[in-house]
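Each chain, letter by letter, is given below.
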Amino acid sequence: MVGNEADDGQAIQPVHGDQEENECKCCMLVLIGLPGVGKSTLARNLASTSCRSLWTNNDVEVQYICTDDLIGNLPTNEDTAAVAEQWRQGRQASYETAAKALLRHRESQQKENSQHRKLLLIIDDNAYYRSMRYPFFQLAREHRAAYSQLLVLCNLDVALERNAKRCGDARVPEAIIERMSRRLEQPQPSTFCWEKHTITIDTNGPLNHEAVGPQLVDEILRHWEFPSPPPLTEV
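Residues numbered from 1 in each chain as written. Predicted model: local features only at pLDDT ≥ 70, side-chain atom pairs only at ≥ 80, totals over all residues. Heavy atoms only, no water.

### Considering the nonpolar core
With 38 residues, the main nonpolar core has Leu29, Leu46, Trp55, Leu120, Leu150, Ile220 and Trp224 as its most contacted residues. Considering each element in turn, this core owes the most residues, five residues, to helix α8 (residues 209-223). Look past the residues within four positions of Leu46 in its chain and what remains in contact with it is Leu29, Cys51, Trp55, Ile122, Gly213, Leu216, Val217 and Ile220. Core analysis: the second largest hydrophobic core is formed by 22 residues, Leu119, Leu139, Tyr147 and Leu151 among them. (Core = buried A, V, L, I, M, F, W, Y, C linked by side-chain atoms within 4.5 Å. Buried < 20%, exposed > 50% of the residue type's maximum accessible area, 1.4 Å probe, protein only. Helix = DSSP H or I, 4+ residues; strand = E, 2+ residues; numbered from the N terminus. Contact = heavy atoms within 4.5 Å.)

See the structure below:
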């Protein structure tokens, strides 16, 4: 159900400074998947009270950023260009929100000069193109934060059926979902090393979120030990 895309078992060594100075304090988790696969349900569960004790026990504060909440109402017709532009604007807003959160967290650590709580940013987006994900990785690297991805998959017909049950503006035009399905660029950690820490989950069947939540928390915390690498030739 929950799987790790790739793991070579080797931690990336600090670039400079002592171990304490280079300890990773933040992690960015970017979700990938079509509308209707269950991304938001998983993301909200991770940020909800059901997983809060797991994060608290590991001294982690969670901030949930949802692109859908930032784009407003989608066009009711199947104007793919208009929908794509709204999602682009929403993604930019998500990026700016994440950047501000990372900056606030870093400034608070510097000001207090103490062991501040760690910060997990959950970016709830479809991110079906690699180019949509890479700016978030660059942002994480800029702030010396860990970077992970959660790939949520189900069959297209299942996603369409779930989407059809949505009400009003929450329903995405079928043509948009079909187009995304054709163009979805799944992570390729063997080619793009920055996608190394990708968790994959299959949502074709019903999920036991009480069981899946702790599994995802464990995976995310394990990836937290591997800060984003310095700018080399990852693309």
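### So, the pattern of salt bridges
A complete count under the given rule lists seven salt bridges for this structure. The partner of Arg130 in a salt bridge is Glu185, and the shortest N-O contact between them spans 3.7 Å. Of this pair, Arg130 sits in helix α5 (residues 130-142) while Glu185 is found in the loop between α7 (174-183) and β6 (198-202), placing the two residues 55 residues apart along the sequence. Given the relative accessible area of 11%, Arg130 is considered buried. With relative accessibility at 29%, the residue Glu185 sits in the partly exposed group. Its salt-bridge partner being Glu161, residue Lys165 comes within 3.8 Å of it at the nearest N-O pair. Classification of Lys165 as exposed rests on a relative accessible area of 62%. With relative accessibility at 47%, the residue Glu161 sits in the partly exposed group. Where salt bridges share partners, they join Arg130, Arg133, Glu185 and Glu195 into one cluster. (Salt bridge = Lys/Arg side-chain N within 4 Å of Asp/Glu carboxyl O.)

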